[in-house]
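# Observations on chain architecture
Chain residues, written in single-letter form:
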Amino acid sequence: MAVSVPLRPHPTPPAAPTGRRLFRTVPKRGPRKPDSAGPIAYLLLAAVTAASVFPLYWSFVVASHDDNSVLAGTTPSLVPGGHLIENIQRVFELSAFWQALGNSFLVAGTTAVSNVLLSSLAGFAFAKLRFRGRDALLVCVVATVMVPTQLGVIPLYLLVTDLGMYGKISALIVPALVSAVGVFWMRQAVEENIPDELVEAARMDGAGLLRVYWHVVVPGVRTTATVLGMFTFMFAWNDYFWPLIALPPENGTVQIALNQLAAGYYTDYTLMLAGVVVSALPVLVAFTVLARRIVSGVMAGAVKG
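As a further point, take the overall build of the chain. Broken down by element type, the chain carries 15 helices and zero strands. In the chain, which comprises 305 residues, the share counted as buried stands at 31%. The long-range fraction of contacts in the chain, counting pairs at least 24 apart against all pairs at least 6 apart in sequence, stands at 72%. Just so you have it, the chain exposes about 20500 Å², and 67% of that area is on carbon and sulfur atoms.

Right, here's the structure in full:
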């Protein structure tokens, strides 16, 4: 006799609770914010800033005091004195400082503009134009950077003398109209910031090379060109070695005039540092006006790639 076993009903799975998700969703995370600098970083930055600014401030302090305190061997206090205007007047009375300032402005301004213009043109040619011997010519231009300046002084002096430019401002301007560093720098800027498609589109629209350069290349490398112009101006303004050779002392630049202020039986530090303060003002003003472009241009290469 067969015994029937009752079948148990298959247990039904429990219903999912309403109002809840079976799977936990991972929230999307935004870009990670950079860690904020701690107090040690701020202290280090403050120390570096103070160490960089202090020489200029000390020059201003000494220039604003009387020369008797320096001759007596006492160190002036860190508080500026009241003789700055008097010492600056002595600078212009005892030396041809106005003429030196004019010569330096002419040399530095002309070389800065010419370096920006010629270096950007050459950089555009090396970066976007295709011609025979382009890479070899670029290597030759860059190789000149490795030649020390002192090795080229004698040939440059002979060339300037043969051309009749010795003792003239043109002896400082003509050799510095363009630099290998500026050409290489602008070539890299054009290569990174100007796409080939943009140049080809402008050429297909009928634009010539000069128009492509002015309307396409210049707006794209304006920041880098500003940095190049500022550095060229600063180097030409502070140059002492070549102006000392190529110009007579009575027709020198600012650095030659400062050297004349330091000459004599004893060094008048208040007079000399007053000249230093005057000579540093144009560079400080130019850097203050162009500070934002200079910082963005220098940091442009750090944020790419």
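What follows deals with the pattern of salt bridges. Scanning all chains against the criterion turns up three salt bridges. The salt bridge involving Asp268 is made with Arg90; its shortest N-O contact spans 2.5 Å. Of the two residues, Asp268 sits in the loop between helix 13 (254-262) and helix 14 (269-289) while Arg90 sits in helix 3 (residues 84-94), which places them 178 residues apart along the sequence. Between Asp196 and Lys128 there is a salt bridge, with the nearest N and O atoms lying 2.6 Å from each other. With Asp196 in helix 9 (residues 196-204) and Lys128 in helix 4 (residues 97-128), the pair connects residues that are 68 residues apart, well separated along the chain. Lys128 sits in the buried class, given a relative accessible area of 12%.

Axis angle and axis distance: for two packed helices, these are the angle between their axes and the distance between the axes, and together they describe the pair. Axis separation between helix 4 and helix 8 (residues 180-193) bottoms out at 7 Å; the angle between their running directions is 55 degrees. Regarding the angle of helix 4 to helix 8, the classification is oblique. Helix 4 and helix 8 meet at a crossing whose hand is right-handed. Residue-level inspection shows Ser119, Ser120, Ala122, Gly123, Phe124, Phe126, Ala127 and Lys128 of helix 4 in contact with helix 8, the latter providing Gly182, Val183, Met186, Arg187, Val190 and Glu191. In terms of residue class, the contact of helix 4 with helix 8 is built from seven nonpolar, four polar and three charged.

Next up on the list: the environment of Ala236. Mapped onto the secondary structure, Ala236 falls in helix 11 (residues 222-238). Residue Ala236 is classed as partly exposed on the basis of its relative accessible area, which comes to 23%. The spacing of Ala236 and Ile173 is 63 residues in sequence and 9.3 Å in space, taken between C-alpha atoms. Leave out the neighbours within four places in its chain, and Ala236 touches Ala108 and Thr111.

The rules behind these values
For every chain, the first residue of its written sequence is number 1, and the numbers climb from 1 along that sequence. Only residues with pLDDT of 70 or above have their local features reported here, since the model is predicted, and side-chain atom pairs are shown and tallied only from 80 upward, although totals for entire chains, interfaces and linings are computed over all residues. Heavy atoms throughout the structure, all of them, feed into the side-chain values; hydrogens and water do not. Helix numbering and strand numbering both begin at the N terminus, where a helix is a DSSP run of H or I of at least 4 residues and a strand a DSSP run of E of at least 2. Think of it in three bands: with a 1.4 Å probe and only protein chains considered, a residue is buried below 20% of the maximum accessible area for its type, exposed above 50%, and partly exposed in between. Contact definition: two residues touch when any of their heavy atoms are within 4.5 Å. Note on areas: these come from Shrake-Rupley sampling with a 1.4 Å probe, and a residue is covered only by the protein chains present in the view. The salt bridge definition used is simple: a Lys or Arg side-chain nitrogen within 4 Å of an Asp or Glu carboxyl oxygen. To get an axis, a line is fitted to the C-alpha atoms, and for a helix only the part in contact is used. The angle between two axes follows their N-to-C directions and goes from 0 to 180 degrees. Every angle not falling under 35 degrees, over 145, or within 65 to 115 is termed oblique; those three ranges are roughly parallel, roughly antiparallel and roughly perpendicular. Rotating anticlockwise by less than a right angle from the far helix to the near helix defines a left-handed crossing, while the corresponding clockwise rotation defines a right-handed one. By the convention adopted, Pro, Cys, Tyr, Trp, Phe, Met, Ile, Leu, Val and Ala count as nonpolar, Lys, Arg, Asp and Glu as charged, and the other residues, Gly among them, as polar.

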